[in-house]
Amino acid sequence: NAGVTQTPKFQVLKTGQSMTLQCAQDMNHNSMYWYRQDPGMGLRLIYYSASEGTTDKGEVPNGYNVSRLNKREFSLRLESAAPSQTSVYFCASSERTGGPYGYTFGSGTRLTVV
Amino acid sequence: GQQLNQSPQSMFIQEGEDVSMNCTSSSIFNTWLWYKQDPGEGPVLLIALYKAGELTSNGRLTAQFGITRKDSFLNISASIPSDVGIYFCAGQGDSNYQLIWGAGTKLIIKP
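Residues numbered from 1 in each chain as written. Chains lettered and ligands numbered in written order. Predicted model: local features only at pLDDT ≥ 70, side-chain atom pairs only at ≥ 80, totals over all residues. Heavy atoms only, no water.

(A) The arrangement of the overall build of chain B in detail. Each helix and strand counted, chain B has zero helices and 11 strands in total. Taken over the C-alpha trace, chain B has a radius of gyration of 13 Å; the compact-globule value for 111 residues is 13 Å, and the two agree within 12%. Here the C-alpha coordinates of chain B stretch approximately 45 × 25 × 20 Å along the principal axes. When burial is assessed residue by residue, chain B has 44% of its 111 residues classed as buried. Counting contacts in chain B only where the partners sit at least 6 residues apart, residues at least 24 apart contribute 53% of the total. (Helix = DSSP H or I, 4+ residues; strand = E, 2+ residues; numbered from the N terminus. Rg over C-alpha atoms; globule rule 2.2 N^0.38 Å. Buried < 20%, exposed > 50% of the residue type's maximum accessible area, 1.4 Å probe, protein only. Contact = heavy atoms within 4.5 Å.)

Put into structure tokens, the structure is as follows:
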């Protein structure tokens, strides 16, 4: 099925460990996004990529890095995980930023940092 | 910066009841989107609104783009058990092409 695929679905890290969350979309979308979701806080934008080769900070970028590997793939890296990064992470894509384009979301990665 | 207030935070309703929720913005939006998130899944787009005053339906769901362009409403008629989940509004304004998200309304159906 067409859509956004995230891996892994679940991950437990120890404080200080690093990991990369993977995201791929097969809808030929130009723009991709990484969000985190915490209880009662809705969705907060970490980083986004308006098009292949570009990335920009969102609302909560500290502690994260991203790579837009190609048009399909957008990865999120935690270099040194902290308990405050325990959250559910969602990748999304849209035809482009700007304009009334809805986002398609992956099913999320549930990350726990102990 | 732009802010979205979504209310209520949660709703406990009986099956068959109608549901209403809304979002208000501190500034004007050009687009309003309503999403639903099922447990363990990502949000899925329900309804998109592009014009002030627009009223759009998707089955038992009806959403309206407020005439002031600073609010939007979502109504669900005759709720059923599969309506449970978190409903998010999102808006896009002139000065920021990123979507601004509400904090969500959690819908719970009482047994």
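Read on, since the account is not over.
(B) Local environment of the interface of chain A and chain B. Listed per partner, the contact involves 21 residues of chain A and 18 residues of chain B. Buried surface at the junction of chain A and chain B, summed over both partners, amounts to about 1,500 Å²; 55% is from carbon and sulfur atoms. Here chain A and chain B share zero salt bridges between them. Linking chain A to chain B there are four residue pairs in polar contact (both at pLDDT 80 or more). At the level of elements, strand 4 (31–37) and strand 5 (43–49) of chain A are the ones that each hand at least two residues to the side of chain A that touches chain B. Residues belonging to the side of chain A that touches chain B are distributed by class as follows: 11 nonpolar, nine polar and one charged. (Buried area = accessible area lost by both parts, 1.4 Å probe. Salt bridge = Lys/Arg side-chain N within 4 Å of Asp/Glu carboxyl O. Polar contact = N/O pair within 3.5 Å; in protein donor to acceptor, adjacent residues only side chain to side chain. Nonpolar A, V, L, I, M, F, W, Y, C, P; charged D, E, K, R; others polar.)

(C) Summary view of the sheet that holds strand 1 (residues 4–7) of chain B. Residue and element names in this part refer to chain B. Ordered in space as 1-3-8-7-6, the five strands form an open sheet in which the pairing is antiparallel. Pairing within the sheet leaves two strands with one partner each, and these edge strands are strand 1 and strand 6 (55–58). Averaged over all pairs of adjacent strands, the angle between their axes in this sheet comes to 15 degrees, without regard to strand direction. The pairing of strand 3 (residues 19–25) with strand 8 (residues 71–76) spans six bridges and is classified as antiparallel. Bridging across to strand 8, N22 finds its partner in F73. (Pairing = 2+ DSSP bridges. Axes fitted to C-alpha atoms, helices over the stretch in contact; angles between N-to-C directions.)

(D) Highlighting the sheet that holds strand 8 (residues 74–78) of chain A. All names here are of chain A. Taken together, four strands build an open sheet; the order of strands is 1-3-8-7 and the sheet is antiparallel. Whereas interior strands pair on both sides, the edge strands pair on one side only; in this sheet they are strand 1 (4–7) and strand 7 (64–68). When the angles between neighbouring strand axes are averaged without regard to direction, this sheet yields 15 degrees.

(E) Broad picture of the pairing of strand 5 (residues 44–49) of chain B. All names here are of chain B. Examined bridge by bridge, strand 4 (residues 29–37) and strand 5 share five bridges and lie antiparallel to one another. Following the sheet pairing, K36 is matched in strand 5 by V44. Connecting the antiparallel pair strand 4 and strand 5 is a turn made up of six residues, with G40 showing a positive phi of about 80 degrees.

(F) Quick look at the side chain of S94 of chain A. Residues and elements named next belong to chain A. Mapped onto the fold, S94 is located in strand 9 (residues 87–94). By relative accessible area, which is 0% here, S94 ends up buried. At 2.7 Å, the side chain of S94 and the side chain of Y33 are in polar contact. The contacts of S94, once residues within four sequence positions are left out, are H29, N30, S31, Y33, Y101, G102 and Y103.

(G) Molecular detail of unusual backbone geometry. Following T7 of chain A, the chain continues into P8 of chain A via a peptide bond in cis, with omega recorded as -5 degrees. Mapping P8 of chain A onto the fold places it in the loop between strand 1 and strand 2 (10–13). A cis amide bond, omega -5 degrees, links S7 of chain B with the succeeding residue P8 of chain B. Tracing the backbone through its elements, the reader meets P8 of chain B in the loop between strand 1 and strand 2 (10–14).

(H) Structural detail: the pattern of salt bridges. Using the criterion set out here, one finds five salt bridges over all chains in the structure. Here D38 of chain A makes a salt bridge to R36 of chain A, at a shortest N to O gap of 2.9 Å. Taken individually, D38 of chain A and R36 of chain A each receive the classification buried, so the pair is uniform in this respect. R60 of chain B serves as the salt-bridge partner of D83 of chain B, at 2.8 Å between the closest nitrogen and oxygen. Separated by 23 residues along the polypeptide, D83 of chain B in the loop between strand 8 and strand 9 (85–93) and R60 of chain B in the loop between strand 6 and strand 7 (61–65) bring together distant segments of the chain. Taking the relative accessible area as the measure of exposure, D83 of chain B reaches 5% and is therefore buried. Within this structure, R36, D38 and R44 of chain A form a network of salt bridges that share partners.

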